[in-house]
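Each chain, written out:
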Amino acid sequence: MLRELSLSLAAGEIVALLGPNGSGKSTLLRCLLGQLATTTGSITWDGKPLPQWQPRALARTAAYLPQTPLWDATQTVRDALSLGRSPYWGAFGLESPRDAEVVERSAADLELTELLGRRMSALSGGQRQRVFLGRCLVQEPRAMLLDEPNTFLDLKHQVELARLLRRWARERGIGVLLASHDLNLAGMFADRLVLLADGRVAAEGTVSQVLQPTLLERVYGVPMERIDREGKPPVVVTGL
Ligand SMILES: Nc1ncnc2c1ncn2[C@@H]1O[C@H](COP(=O)(O)OP(=O)(O)OP(=O)(O)O)[C@@H](O)[C@H]1O
């Protein structure tokens, strides 16, 4: 259950939601999209209360990457990406040339161009994860809600994704709210960190404010050490 929680996401801002298993990260993302009902409080997108949004309009505003996305093994990568354009399709599900253009461009961003004709079942876990991210991108949303987007990505692709998110935020003004277990990677590219514990905000602020060993020890229950680096965000390691 989420309690006493207040959160805002500005255009072009990257906010990382941190917290142990079961602390409420996914629940929060799903509440924000109306997939889970809230009993108290209010959620607004662009100043309009969530219940007043039509699903198609909301999908053009906020894209969501769930922890375990649904996918069709027989689909090609191009078809899987095209599905992300469905909130823009006209009557009878007709695709416009612009839909195809956005798919091509997003595939290029995510290094998927070579794989467009490949079946989803014939991709590696990391390649498939990039398709799911691409499906969010082709929605041309104003906000992306990403639940552990680094899942299955190797180190290079994790760093590349961090760079891409920064670029999308800066160039397209997309606000990114992502749940992550990687404190250090989140610290390297998020503007703000929000640490959840038992459905509440345990800490919120800059990387330096949130990556505090005593705080993290209390929340994660393991000893932590912090390494401060010249001109770069601090990193934390478990002090085992
Ligand atoms: N559909 C559900 N019905 C009831 N309780 C749920 C449901 N989904 C999650 N919960 C519970 O809500 C709490 C928060 O879960 P949530 O999935 O939001 O955590 P999380 O921070 O995303 O964890 P993780 O890092 O493991 O993904 C947990 O106690 C979980 O058991």
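Definitions and cut-offs
- Residues numbered from 1 in each chain as written.
- Predicted model: local features only at pLDDT ≥ 70, side-chain atom pairs only at ≥ 80, totals over all residues.
- UniProt positions renumbered as here; feature names shortened; annotations may be inferred.
- Helix = DSSP H or I, 4+ residues; strand = E, 2+ residues; numbered from the N terminus.
- Core = buried A, V, L, I, M, F, W, Y, C linked by C-beta atoms within 7 Å.
- Buried ≥ 20, exposed ≤ 12 C-beta atoms within 10 Å, placed from the backbone.
- Contact = placed C-beta atoms within 7 Å.
- Near = placed C-beta within 6 Å.
- Nonpolar A, V, L, I, M, F, W, Y, C, P; charged D, E, K, R; others polar.
- Arc of directions from axis to C-beta.
- Pairing = 2+ DSSP bridges.

Caption draft 1: Broad picture of the UniProt feature "domain: ABC transporter" (unreviewed entry) in the chain. The feature "domain: ABC transporter" (unreviewed entry), as annotated in UniProt, sits at residues 1-223 in this numbering. Along residues 1-223 one finds 38% helix and 16% strand; the C-alpha atoms at either end are 27 Å apart.

Caption draft 2: Spotlight on the nonpolar core. Ranked by internal contacts, the top residues of the largest apolar core, which has 57 residues, are Leu17, Leu18, Leu145, Val176 and Leu193. Dropping the residues within four chain positions of it, leucine 145 is found in contact with Leu29, Leu32, Leu33, Ala62, Tyr64 and Leu177.

Caption draft 3: Fine view of the site of the ligand. Close contacts around the ligand come from Gly19, Asn21, Gly22, Ser23, Gly24, Lys25, Ser26, Thr27 and Ala179, and that covers them all. With 3 residues, the single largest contributor to the shell around the ligand is helix H1 (residues 25-32). When the residues that make up the shell around the ligand are grouped by side-chain class, the tally is 1 nonpolar, 7 polar and 1 charged.

Caption draft 4: Representation of H1. Taken together, the buried positions of H1 are occupied by Lys25, Leu28, Leu29 and Leu32. When H1 is viewed along its axis, its buried side chains cluster within an angular range of 95 degrees and face the same direction. Buried-residue contacts for H1 involve strand E1 (14-18), strand E4 (62-65), strand E5 (143-147), strand E6 (175-179) and strand E7 (192-197). Trailing H1 by a residue or two, glycine 34 shows a phi angle of about 80 degrees, which is positive.

Caption draft 5: Quick look at the pairing of strand E10 (residues 232-238). As defined by bridge partners, strand E9 (residues 224-229) adjoins E10 across 5 bridges and the pair is classed as antiparallel. Across the sheet, the residue bridging to arginine 226 is valine 236, located in E10. Between the antiparallel neighbours E9 and E10 lie 2 residues, among them glycine 231 with a positive phi of about 70 degrees.

Caption draft 6: Representation of unusual backbone geometry in the model. The residue glutamate 111 is not glycine, and still its phi comes out positive at about 55 degrees. Of note, glutamate 111 is situated in the loop between helix H4 (97-109) and helix H5 (125-137). Exposure remark for glutamate 111: the 14 C-beta atoms within 10 Å place this residue in the partly exposed category. You will see that glutamate 140, though not glycine, has its phi angle at about 45 degrees, which is positive. Structurally, glutamate 140 is set in the loop between H5 and E5.

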